[in-house]
Amino acid sequence: MALTGKLEADVEVKASADKLFSIVRKENHQIPNAASDKVHSVEVHEGDWEAHGSVKLWKYSVEGKVEILKEKVLVDDANKTVTLIALEGHVMEEFKSYKIVYSVTPKSDQSSLVKITLEYEKLNENIPDPNRYLQFIVNLTKDVEAHVLKA
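Figured I'd write up the structure that's included with this text. (Residues numbered from 1 in each chain as written. Predicted model: local features only at pLDDT ≥ 70, side-chain atom pairs only at ≥ 80, totals over all residues. Heavy atoms only, no water.)

**Brief notes about the nonpolar core**
Basically, it comes down to this: To define a nonpolar core, start from buried Ala, Val, Leu, Ile, Met, Phe, Trp, Tyr and Cys residues and group those joined through side-chain atoms within 4.5 Å. In this scheme, a residue with accessible area under 20% of its type's maximum is buried, one over 50% is exposed, and one in between is partly exposed, where area comes from a 1.4 Å probe on protein chains only. Here a residue-residue contact requires only that any non-hydrogen atoms of the pair lie within 4.5 Å.
Residues Tyr 60, Ile 116 and Leu 118 are the most contacted members of the largest nonpolar core, which totals 43 residues. Once residues within four sequence positions are removed from consideration, Tyr 60 is found in contact with Lys 38, Val 39, His 40, Lys 65, Val 66, Glu 67, Ile 68, Leu 69, Val 91, Tyr 133 and Phe 136.

**Some thoughts on the packing of helix α1 (residues 17–26) against helix α3 (residues 131–150)**
How we decide: Between N-to-C directions, angles cover 0 to 180 degrees, with each direction set by a line fitted to C-alpha atoms, over the stretch in contact for helices. Numbering of helices and strands starts at the N terminus; helices are DSSP runs of H or I of at least 4 residues and strands are runs of E of at least 2. Small angles under 35 degrees read as roughly parallel and large ones over 145 as roughly antiparallel, with 65 to 115 read as roughly perpendicular and the rest as oblique. It is the rotation of the near helix from the far one that decides the hand of a crossing: anticlockwise by less than a right angle makes it left-handed, clockwise makes it right-handed. Three classes are used: nonpolar for Ala, Val, Leu, Ile, Met, Phe, Trp, Tyr, Cys and Pro, charged for Asp, Glu, Lys and Arg, and polar for all others, with Gly counted as polar.
Packing of α1 against α3 brings their axes to within 11 Å, and their N-to-C directions diverge by 120°. Viewed along their axes, α1 and α3 adopt a mutual orientation that is oblique. In this structure, the crossing between α1 and α3 has a hand that is right-handed. The residues of α3 that touch α1, namely those facing Lys 19, Leu 20 and Ile 23, are Val 144, Glu 145 and Val 148. Taken together, the residues that form the contact of α1 with α3 break down as four nonpolar, no polar and two charged.

**Here's the deal with α1**
Counting buried positions along α1 yields seven of 10 residues, so the element is predominantly enclosed. Looking at α1, one finds that the buried residues are Ala 17, Leu 20, Phe 21, Ser 22, Ile 23, Val 24 and Arg 25.

**Some words on unusual backbone geometry**
The backbone of Glu 63 sits at a positive phi, close to 50°, despite the residue not being glycine. In this structure, Glu 63 sits in the loop between β3 (55–62) and β4 (65–76).

**What to know about the packing of aromatic side chains**
What counts here: To pair, rings of Phe, Tyr and Trp, with the six-membered ring standing in for Trp, must have centres within 6.5 Å; the planes then decide the type, stacked if under 30 degrees apart, edge-to-face if over 60, and tilted in the middle.
One pass over the full model with this rule turns up four aromatic pairs. The interplanar angle of 45° and the centroid separation of 5.5 Å between the aromatic rings of Tyr 60 and Phe 136 together place this pair among those described as tilted. Of this pair, Tyr 60 sits in strand β3 while Phe 136 sits in helix α3; the two residues are 76 residues apart in sequence, bridging distant segments of the chain. A relative accessible area of 5% means that Tyr 60 is categorised as buried.

All quantities given are derived from atomic positions and should not be read as evidence of function.
Here it is as structure tokens:
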């Protein structure tokens, strides 16, 4: 069993790429409003909401378990891509490295394709692949979509 891996998912959403990317890129403080059952809080730990390289602290629930993640945010505005690199938190109890790449591509003025890539290295071969985290991000994307469509 390999220690390194990559999981991917594509999510089609009925929201503009610009609006969805804006929330993921610089309006994370709206995410607990969009998905309060999943994300309890997001705080800026270093930098600010918009700056490339900022560090944010998330408190969220996955499969009924409250977890914390401190992440570094890398932004590629030209490609509407945000890369989240885990620095500390519950995922680091199972993974040596953990990175989420979240890319939004416009399909039309009011629809987009979100590509989610989760790259990881397990601490040992007994750790399962992080499918629960990928599904969490897919479900969170759908909640943010519903939030954008209500606005």
